[in-house]
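Analysis of the macromolecular model
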Amino acid sequence: MTDIKSNLQKILDAGHFSVTSEIGPPMSANADFVRHLAKDIVVMVDAANVTDCQAAVVRMSSVAASLLALQEGVEPILQMTCRDRNRIAIQSDLLGASALGIKNLLILSGDHQSVGNHPQSKNVFDVDSIQLLKAMNDHMEHGVFISGSKSKMPAQFFLGATTNPFADPEEIQLIRLEKKINAGAKFVQTQAIYNIDRFNEWMEKVRKRGLHERAYMLAGIVVNKSQKSIEITATVPGMDIPDILIERMRNAEDKQAEGLAIALELISEIRKVEGISGLHIMAIGWDEIVPVILDKAGFLPRPVI
Amino acid sequence: MIVAEQKDFNDILRSVEAFQRVAVAGCGVCVTVCMSGGEKEAVGIANLLRLAAKESGRDAVYSVATPFRQCDMEFLDEHEAELEDADCILSMACGAGVQFMTEKFPDKVVVPGLNTMFIGVNRELGYWTEMCQGCGNCVLEKTGGICPVARCSKSHFNGPCGGSGDGKCEIDKEIECGWQLIYERMKRINQLDKLTELEDVRDWSTSRDGGPRTLRREDVQL
């Protein structure tokens, strides 16, 4: 029997601090684009998110791009949103993904289509992200589809969810995080963290509920290449960037060096936070910086299990 | 009520200008209340059509008839004589009224004068908002009387997505986050604990997703 545990799960189960990054599929059928991104991070990260039409923009499918990453030796974390597919399509795609050897699944709501490049499209949201987490957990544990009918060989994934420590209202976001873990999430990636004080307060509440002991909490970091990049990031809904960081980028002569310095400082603070099991790096439009950060932060070489 | 808005006048004009005798049919209920297709609006549209015909030198007759409800055959029957003469009926009712008018006069061309929008409420003069999608399986008792299907842009059942900010929805700063409202309401009525329960996958077959719906009640049938 093939090993059903993903590399990411093995790393985390062994008590190592995990490191993941992202592969954003192109707005084209260019397989080399994905292969190239994968080659840059192979053996540098434990796994990489492969995004599902992020920002509601049509891109190469996350399942296809995940397979391309896998072929280059990068373990994919398949992202699946609830925006574009009904339960028939989602379950079908996930059976296919599992059959292709994709072992990590990150379930998200997905940005609303009105923020993307096809705002005229239909709004699906047949299931929400928590319902889908539970449905996939039931599928894996009991071999059932949402309808209750049985599958002889169910899909198997290391199930993940997302959380935003900075979204309103905080109390219900915590309730939602707990619901995601109750539904079956084994790892949780956070929204990008810039405000360490607020993140610490949030994690204290997470620890109080014991959630960090029931799922691996992986802290998100965005690395900004330019002043424009950090300013755009600041406009993303549910993002909290302290003015002082934006100010630092504004005043810096070498924006790239400053962006890198800020990221490294945040990483070093995040590593001190109790209950954080790993780091998730999002280098939007600056993919080549990921190995540099990992090297400078002392994450290399990655453990081999 | 059903909230509707008038179509662009030029679109209305294009759909009726080929006809010589046009009846503009208002509707006396929802669209009267939301001031888009009542008697007053029907008279207004008929006047504009007359002006447009005069300007382009066309010889056309525009009459007005306003059944109490276009969604009930008995009220359409009451106006049969007035509408019979027309070769085109411009229905200023919701989509249901337009279609019932079509059934009443199967040999005539019936065109819509409104865009039917939603089941909603009148918040202030000239401002209506959507409250219900007619999903056929009401959950308002679980969500503090605020609908997650109609008022959350993603129809989430287990709380807000991560995209809301300052209580507003990620799609538009003018739109309130439905789940922010549900949260505040549940807190106010001491039912926040209800939101910790996982709301399972929903059966959408009671909504339009199950196909066109019907309701038959034997208790009220003759």
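All figures in this text were calculated on a predicted structure; none of them were measured in a lab.

Another aspect to go through is the overall build of chain A. Scanning chain A for helices and strands turns up 11 helices and 8 strands. Against the globule reference of 19 Å for 305 residues, chain A gives a C-alpha radius of gyration of 19 Å, in line with a compact fold. A burial count over chain A gives 55% of its 305 residues as buried. Taking all contacts inside chain A whose residues are at least 6 apart in sequence as the whole, residues at least 24 apart take part in 79%. When the accessible area of chain A is evaluated, it comes to approximately 12,600 Å², of which 53% is carbon and sulfur surface. In chain A, 32 side chains carry a positive charge and 37 a negative one; their mean positions are 6 Å apart.

It is worth spelling out the sheet that holds strand β8 (residues 276-282) of chain A at this point. Backbone-to-backbone hydrogen bonds join strands into a sheet, with any given pair of strands oriented parallel or antiparallel. Residues and elements named next belong to chain A. Read once around its circumference, the closed barrel built from 8 strands follows the order β1-β2-β3-β4-β5-β6-β7-β8, with strand pairing classed as parallel. Between one strand axis and the next, the sheet turns through 30° on average, direction left out of account. As paired elements, strand β4 (residues 104-108) and strand β5 (residues 158-163) share 3 bridges and run parallel to each other. Within β5, the position partnered with N104 by the bridge is F158. In the packing of helix α3 (residues 62-71) onto the sheet, the strands contacted are β1 (18-23), β2 (47-50) and β3 (76-81), and the crossing angle to β3 comes to about 180°. Its contacts with the sheet place helix α10 (residues 255-271) against β7 (216-222) and β8, and it is angled at close to 165° to β7.

So, about the sheet that holds strand β6 (residues 114-124) of chain B. Residue and element names in this part refer to chain B. Strand order across the open sheet formed by 3 strands is β1-β6-β7, with antiparallel pairing between neighbours. Looking along the sheet, the strands with just one partner apiece sit at the ends: β1 (2-6) and β7 (127-132). Strand-to-strand twist across the sheet, computed as the mean angle between neighbouring axes with direction ignored, equals 70°. Relative to β6, β1 runs antiparallel, the two being bridged by 5 bridges. Looking at the pairing, A4 lines up with T116 of β6.

In this section: the packing of aromatic side chains. Under the criterion given, the structure shown has 4 aromatic pairs over all chains. Ring plane angle 35° and centroid distance 4.9 Å describe the contact between F158 of chain A and F187 of chain A, whose orientation is recorded as tilted. Taken together, the residues F158 of chain A in strand β5 and F187 of chain A in strand β6 (residues 187-192) connect sequence positions 29 residues apart. Of the residues examined, F187 of chain A reaches a relative accessible area of 0% and is grouped as buried. Arranged with centres 5.2 Å apart and planes meeting at 70°, the rings of F68 of chain B and F75 of chain B form a pair that is edge-to-face. Over the face of the ring belonging to F105 of chain B we find K104 of chain B, whose NZ or CZ atom lies 5.9 Å from the ring centre. Looking at R202 of chain B, its charged tip hangs above the ring of W204 of chain B, at a distance of 4.8 Å from the centre.

Right, let's talk about the domain arrangement of chain B for a bit. For chain B, the domain assignment lists domain 1 (2-118) and domain 2 (133-200). On a C-alpha basis, the centres of domain 1 of chain B and domain 2 of chain B stand 38 Å from each other.

With that settled, consider the interface of chain B and chain A. On the chain A side, the residues contacting the 30 residues of chain B number 29 residues. Roughly 2,500 Å² of surface becomes buried between chain B and chain A when both sides are summed, with 55% attributable to carbon and sulfur atoms. Area buried by chain B at its contact with chain A is led by N158, L198 and V201 of chain B, which between them contribute 22% of it. Scanning the region where chain B abuts chain A turns up 2 salt bridges. With a closest N to O distance of 3.6 Å, D200 of chain B and K134 of chain A form a salt bridge. At the junction of chain B and chain A, the tally comes to 21 residue pairs in polar contact (both at pLDDT 80 or more).

Right, let's get into the pairing of strand β5 (residues 109-112) of chain B. Residues and elements named next belong to chain B. Note: strand β4 (residues 88-91) against β5, 4 bridges, orientation parallel. Along β5, the bridge assignment pairs C88 with V109. Handedness of the β4-helix α6 (residues 95-104)-β5 crossover: right-handed.

What follows covers helix α5 (residues 129-142) of chain A. Residues and elements named next belong to chain A. Over its 14 residues, α5 extends 19 Å from the first C-alpha to the last, a length consistent with the 20 Å expected when each residue adds 1.5 Å. Within the span of α5, buried status applies to S129, I130, Q131, L132, L133, A135, M136, N137, H139 and M140. If you follow the buried residues of α5, they end up packed against β3, α4 (87-99), β4, β5 and α6 (170-183). The opening residue of α5 is D128, an N-cap whose side-chain oxygen sits 3.1 Å from the backbone nitrogen of I130.

Here we come to the pattern of salt bridges. Any two side chains of opposite charge can pair if their charged atoms end up close together. Applying the stated criterion to the full structure yields 27 salt bridges over all chains. Ionic pairing is found between E72 of chain A and R35 of chain A, a salt bridge with its closest N-O pair at 3.9 Å. Of this pair, E72 of chain A sits in the loop between α3 and β3 while R35 of chain A sits in helix α2 (residues 31-41); the two residues are 37 residues apart in sequence, bridging distant segments of the chain. Between R69 of chain B and D72 of chain B there is a salt bridge, with the nearest N and O atoms lying 2.4 Å from each other.

Moving on, we get to the nonpolar core. Here is a general trend for soluble globular proteins: nonpolar side chains tend to be buried in one another's company. Residues and elements named next belong to chain A. Counting residues in hydrophobic clusters, the biggest one holds 61 residues, and the most contacted among them are I23, Y194, F199, V223 and I276. With 6 residues, α10 is the largest single contributor of residues to this core. Beyond its immediate chain neighbours, meaning those up to four positions away, I276 contacts F17, F199, M203, M217, A219 and I270.

Our focus in this paragraph is the side chain of T81 of chain A. Residues and elements named next belong to chain A. Mapped onto the fold, T81 is located in strand β3. Residue T81 is classed as buried on the basis of its relative accessible area, which comes to 3%. Discounting chain neighbours no more than four positions away, the residues touching T81 are D52, I90, L108, S109 and G110.

Here is what the cut-offs are and how they apply
Residues numbered from 1 in each chain as written. Chains lettered and ligands numbered in written order. Predicted model: local features only at pLDDT ≥ 70, side-chain atom pairs only at ≥ 80, totals over all residues. Heavy atoms only, no water. Helix = DSSP H or I, 4+ residues; strand = E, 2+ residues; numbered from the N terminus. Rg over C-alpha atoms; globule rule 2.2 N^0.38 Å. Buried < 20%, exposed > 50% of the residue type's maximum accessible area, 1.4 Å probe, protein only. Contact = heavy atoms within 4.5 Å. Areas by Shrake-Rupley, 256 points an atom, 1.4 Å probe, with all protein chains shown as cover. Lys, Arg positive; Asp, Glu negative; His and termini not counted. Charge placed at Lys NZ, Arg CZ, Asp CG, Glu CD. Pairing = 2+ DSSP bridges. Axes fitted to C-alpha atoms, helices over the stretch in contact; angles between N-to-C directions. Phe/Tyr/Trp six-rings, centres within 6.5 Å; stacked < 30°, edge-to-face > 60°. Lys NZ or Arg CZ within 6 Å of the ring centre and 35° of its normal. Domains from an automatic or database assignment. Buried area = accessible area lost by both parts, 1.4 Å probe. Salt bridge = Lys/Arg side-chain N within 4 Å of Asp/Glu carboxyl O. Polar contact = N/O pair within 3.5 Å; in protein donor to acceptor, adjacent residues only side chain to side chain. Right-handed = clockwise from strand over helix to strand, strands pointing away. Expected span 1.5 Å × (residues − 1). Core = buried A, V, L, I, M, F, W, Y, C linked by side-chain atoms within 4.5 Å.

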